[in-house]
Amino acid sequence: MIVVLLVVAAVVALVIQADRDALRQGRRESVVAAQAFANSPGVDEALLSRDPSSVLQPRAEAARKRTGVDFVVAMSTDGIRYTYPYPEEIGKKFVGTIKPALEGRTVIEQAGGPPLPAGRGTAVQAVVPVTDSHGKVVGLVSAGITVTNVTQRWMPQLPIILVSGAFALALATTGTTLISRRLRRQTHGLAPAELARMYEHHDAVLHSVREGVLIVDADGRLMLANDEAQRLLGLRSDALGRPVRELGLPEQLTHVLTSPEMVTDEVHLADERLLAVSKRSTLRDTDRRSNVVTLRDTTELVAVSGRAEVARERLTLLYEAGMRIGTTLDVRRTARELGDVAVPRFADLVTVDLMDAVLRGLEPTAEGWRHLHRAALSGEQSRMPVYPLGEVITFSPDTPQMRTLQEGRGVLEADLRHAHAWQQQDPERTEKALERGLHSLVTVPLQARGVPLGVVNFYRTVDSPAYEQDDLSVAEELGARAAVAIDNARRFAREHATAVTLQRSLLPRGQPEQDALEVAWRYVPAEAGVGGDWFDVIPLPGARVALVMGDVVGHGLHAAATMGRLRTAVHNFSTLDLPVDEVLGYLDDLVVRMDEEDTDGLAEGHEGEGVTGATILYAVYDPVSGACTMARAGHPEPVVVGPDGTVTCPGVPASAPLGLGGYPFETAELHLAEGSQLVLYTDGLVEDRTRDIDVGLERLRRVLGGAGGRTAEETCGMVMDALKPKHPGDDIALLTARTRLFPPSRVAEWDVPPNPAVVPSIRAECREKLREWGLEEVAFTTELILSELTTNAIRYGSPPVKLRLLNGRYLTSEVSDGSSTSPRLRRAATTDEGGRGLFLVAQFAQRWGTRYNRGGKVIWAEQVLHDGASATAAYTPVDVLLEQFGDPTL
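Residues numbered from 1 in each chain as written. Predicted model: local features only at pLDDT ≥ 70, side-chain atom pairs only at ≥ 80, totals over all residues. Heavy atoms only, no water.

A. Geometry of the overall build of the protein chain. A count of helical and extended segments in the protein chain gives 24 helices and 32 strands. Looking at the protein chain residue by residue over its 890 residues, the buried ones come to 46%. Pairs at least 24 apart in sequence give 60% of the contacts found in the protein chain among residues at least 6 apart. Here the protein chain displays about 44,800 Å² of accessible surface, and carbon together with sulfur accounts for 53% of that area. (Helix = DSSP H or I, 4+ residues; strand = E, 2+ residues; numbered from the N terminus. Buried < 20%, exposed > 50% of the residue type's maximum accessible area, 1.4 Å probe, protein only. Contact = heavy atoms within 4.5 Å. Areas by Shrake-Rupley, 256 points an atom, 1.4 Å probe, with all protein chains shown as cover.)

B. Representation of the sheet that holds strand E1 (residues 71-75) in the model. Spatially, the four strands line up as an open sheet ordered E1-E4-E3-E2, and their pairing is antiparallel. Looking at the sheet topology across the chains shown, the edges are occupied by E1 and strand E2 (107-112). Between one strand axis and the next, the sheet turns through 25 degrees on average, direction left out of account. Bridge count for E2 against strand E3 (residues 122-131) is six bridges, and the pairing is antiparallel. (Pairing = 2+ DSSP bridges. Axes fitted to C-alpha atoms, helices over the stretch in contact; angles between N-to-C directions.)

C. Focus on the environment of leucine 547. With respect to the helices, strands and loops of the structure, leucine 547 is situated in strand E18 (residues 545-555). Between the alpha carbons of leucine 547 and valine 620 there is a distance of 6.3 Å; along the sequence they are 73 residues apart. Setting aside its immediate chain neighbours within four residues, leucine 547 contacts Leu517, Asp536, Val537, Leu617, Tyr618, Ala619, Leu678, Leu680, Leu735 and Ala737.

D. Quick peek at the sheet that holds strand E25 (residues 677-681). An order of E16-E26-E25-E21-E22 is seen for the five strands of this open sheet, with the pairing classed as antiparallel. In the strand order of this sheet, the two ends are held by strand E16 (517-524) and strand E22 (647-648), each with one partner. Of the strand pairs in this sheet, strand E21 (residues 639-641) and E25 are connected by three bridges, and their pairing is antiparallel. Bridge pairing links valine 641 to glutamine 677 in E25.

E. Expanded view of a nonpolar patch on the surface. Judged by side-chain polarity, Val4, Val8, Val12 and Ile16 come together as a nonpolar surface patch covering roughly 290 Å² of accessible area. Secondary-structure assignment places valine 4 in helix H1 (residues 2-38). Judged by relative accessible area, valine 4 falls into the partly exposed class, the value being 33%. (Patch = residues over 30% accessible without salt bridge, like charges linked within 9 Å, V, L, I, M, F, W, Y side chains within 5 Å. Salt bridge = Lys/Arg side-chain N within 4 Å of Asp/Glu carboxyl O.)

F. Geometry of the pairing of strand E28 (residues 801-807). A large share of E28 lies buried, amounting to six of its seven residues. Across six bridges, the pairing between strand E27 (residues 747-752) and E28 is antiparallel. Across the sheet, the residue bridging to aspartate 751 is lysine 802, located in E28. Here E28 pairs with strand E29 (residues 810-817) via six bridges, running antiparallel. Following the sheet pairing, lysine 802 is matched in E29 by serine 816. Once E28 ends, the chain turns through two residues before running back antiparallel as E29.

G. Examining unusual backbone geometry more closely. A cis amide bond links valine 343 with the next residue in sequence, proline 344, at an omega value of 5 degrees. In this structure, the amide linkage connecting proline 799 to the following residue, proline 800, adopts the cis form with an omega of -5 degrees. Backbone geometry at arginine 449 places phi at a positive 55 degrees, although glycine is not the residue there. Along the chain, arginine 449 turns up in the loop between strand E14 (440-448) and strand E15 (451-460). For aspartate 577, which is not a glycine, the phi torsion comes out positive at approximately 60 degrees. Turning to its location among the elements, aspartate 577 is positioned in the loop between helix H17 (557-575) and helix H18 (580-603).

H. Fine view of the nonpolar core. If you look at the biggest cluster of nonpolar residues, it comprises 53 residues, and the most contacted ones within it are Trp534, Leu547, Leu566, Leu587, Ile616 and Tyr618. Not counting the four nearest positions on each side in its chain, tyrosine 618 is found in contact with Ala546, Leu547, Val548, Val570, Ser574, Val580, Val583, Leu584, Thr629, Met630 and Ala631. One finds Ile325, Val352, Ile393 and Ala483 within the second-largest nonpolar core, a separate group that totals 44 residues. (Core = buried A, V, L, I, M, F, W, Y, C linked by side-chain atoms within 4.5 Å.)

I. Structural view of helix H19 (residues 693-704). Here H19 is twelve residues long and its end C-alpha atoms lie 16 Å apart, about the 16 Å a rise of 1.5 Å per residue gives. Of the positions making up H19, those classed as buried are Gly696, Leu697, Leu700, Val703 and Leu704. Down the axis of H19, the sector holding all buried residues measures 125 degrees, keeping them to one side. Away from its buried face by more than 90 degrees, H19 exposes Asp694 and Arg702. Residues of H19 that are buried sit in contact with E21, E22, E25 and helix H20 (712-723). Following H19 by one or two positions, glycine 706 has its phi on the positive side, about 80 degrees. (Expected span 1.5 Å × (residues − 1). Arc of directions from axis to C-beta.)

J. Here's a closer look at helix H21 (residues 759-772). For H21, spanning 14 residues, the distance from its first C-alpha to its last is 20 Å, which sits close to the expected 20 Å at 1.5 Å a residue. Buried within H21 we find Val759, Ile762, Arg763, Cys766, Lys769 and Leu770. Looking straight down H21, one finds that the buried residues subtend no more than 120 degrees of arc, so they occupy a single side. The inward-facing, buried residues of H21 abut E27, helix H22 (779-796), E28 and E29. At the C-terminal side of H21, glycine 774 shows a positive phi close to 80 degrees.

K. Region of interest: the packing of H21 against H22. With their axes 10 Å apart at the nearest point, H21 and H22 run at an angle of 145 degrees to one another. The two elements H21 and H22 meet at a crossing, and its hand is right-handed. Here Val759, Arg763, Cys766, Arg767 and Leu770 of H21 lie close against H22, whose contacting residues are Ala779, Thr782, Glu783, Leu786, Ser787, Thr790, Thr791 and Ile794. (Left-handed = near helix turned anticlockwise from the far one by under 90°.)

In structure tokens form, the structure reads like this:
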């Protein structure tokens, strides 16, 4: 029979496998046919035409015959058929699932539909989307094969399978017969001595085992009983050969011994012993069949097994608690996990009450013991009138909760009907709870490092036994394990909040005043911890603006603090108006020194992390010329969106990250048309654990496509909505800047001959330009500044000398020459002939300074304009300044 079953099972398995292979092949062919038709040229255009059926019906029938499938159906996005083997079915609703295909996925299913040339019935069909050149789904294509045709593919294999099964059955049957005959021959013809020796051995084993053995014949007479059976049942010496019913055994045990039913490990009571009884037949012959009964004493085993089972359940509970509590670094989630583990195996209702400081990530104190927040509630809360989640509970000093906090150990209230202190906490609520069956409580403190964090309360209802002393130790162990996880979550929350606060305090809080760019930004910290992503917008002299985007390696407070140091350094270097490559060079030296300092701190045993590097992109945009100069050190390349919506990468050369030392930084200069958008970002926007950076960059470019007419704020929001991960694993910083050009009408330039005599004429021309701009009130101040700067350039500089005025948010005066020497402000002595000019410039201008370029230097001075007047003119002691103005040329 076993051989027959094995052969039949094998045949059935082969048939099922063949059917599955054929079905799988049918699905594969359906998908291939549907995708081939959907991707064929002109299908998307035909679906959008006025009469798709006239174009697609012939092509669909040709594709059906060519691919061997039973149908090829083209349909609209609403599921209306455009093609079908029978034209009368065209225009009807497609039978099948199309929603996933409308989302861009392929659907494979079995479904029934209208008649087909191959017959009616269930078909294996695939539904694929048809997209246009923009990736939009414009229609659907379905191809399939009826299940009947699929089945016919494996039917030719059935005779071979059956013949093979029959041959295997015949072969196995023959072998089994031969082996059985040989075994029968080998068990007969034993000599008397051998049989006697075998009997002696069996008898010795029978009476030495610690298990009772009985043999009862078909008439219910006791034929054999070993020594252990006689001891367990208290049999008399003449019991052998007597009917079992005359032995004076309990009625249930007598019934088991005399009935023909077979039993296994049935427990029966005999002389205050619990006996596990098993009964089997000897199967010698049907006429004289006898039964073998075995007896085992389980009296002590039951008690030991009960205790072992309880201990095993508790160990399992504690093991699961270690695995399930603390899966996240969230305080409330951890408290909820504690309740979920304990219910229902240890408690019917669990409440977790934590101090407010713990929930906010602060260090708990004894002052917060009496006011606890309900952080978690698990179990039969719908039946019990308990405090809801989030409520602040003020416990009385004598309540079990306050006692457990004060004593630092668990408190057991086996019967809540006698727990008067617990009832006095809220008499009305506790009375209702007792009426609904709440009857036993164990409350234990949640404390870590010797500091209480809150309490956990385990309740049982009438459906469960009351708590005992052994349960108290289990509750304390659960509380101890949960407290460590809650404290870890609390400390993480505190560090995360501190790092976020630090980083946000270091990031720009508002947009600086400038006319060159319309900017918008976003910053999203990582869930696992704050990183070192940062950005900045820094106004520069000459209406220029510097854009900075950086990323410090690492997470936490150290990365945030390092980011702050780098941001401060960038501000200082930008004040010096250095070229972009020199700024990156100075930052590289700074990171190397910071790395060395942190390494020394680690060597001395101080807490810290080595700065392994940082990336940065630094760009300077000039709205007068529209030029943007930028360089990047290991940072992702920016993206430029033109006014017409075209998306390009400017090709900024990639230099080594900061912190490696000794590597040069290359710059790139590009011209940005007015209305262009420059998008700077960190790698957290385009890369995560499930997405490669190349894929992220391609998605970013697709999102930015056509964004030329949007504002910077709209572009920023659109990018974040499309690319921000649901659970960011790294910080995300995004900065979008829309360019503006400085109006030419507000720019005035003059070439200055290298002759001091031309200074008065230059002053006159500047005075006329200021009158044209409506700035007559600042003309005198501006003339003084231009006179000093121009005279210095002619006397101490080198040709060519040029003068430029910029009328924007500030009135900027710039004088450039071919020399690289810079003037220095100093206080002139009474006997000095010069040295007072720059003092005048410094007093009248809001700011002044020098910047170097390829052709020499530019000395600039800015005056803040309020309603057309200089903000400093009204407050400058002009008479005092003129007393120090000793240049006879001016």
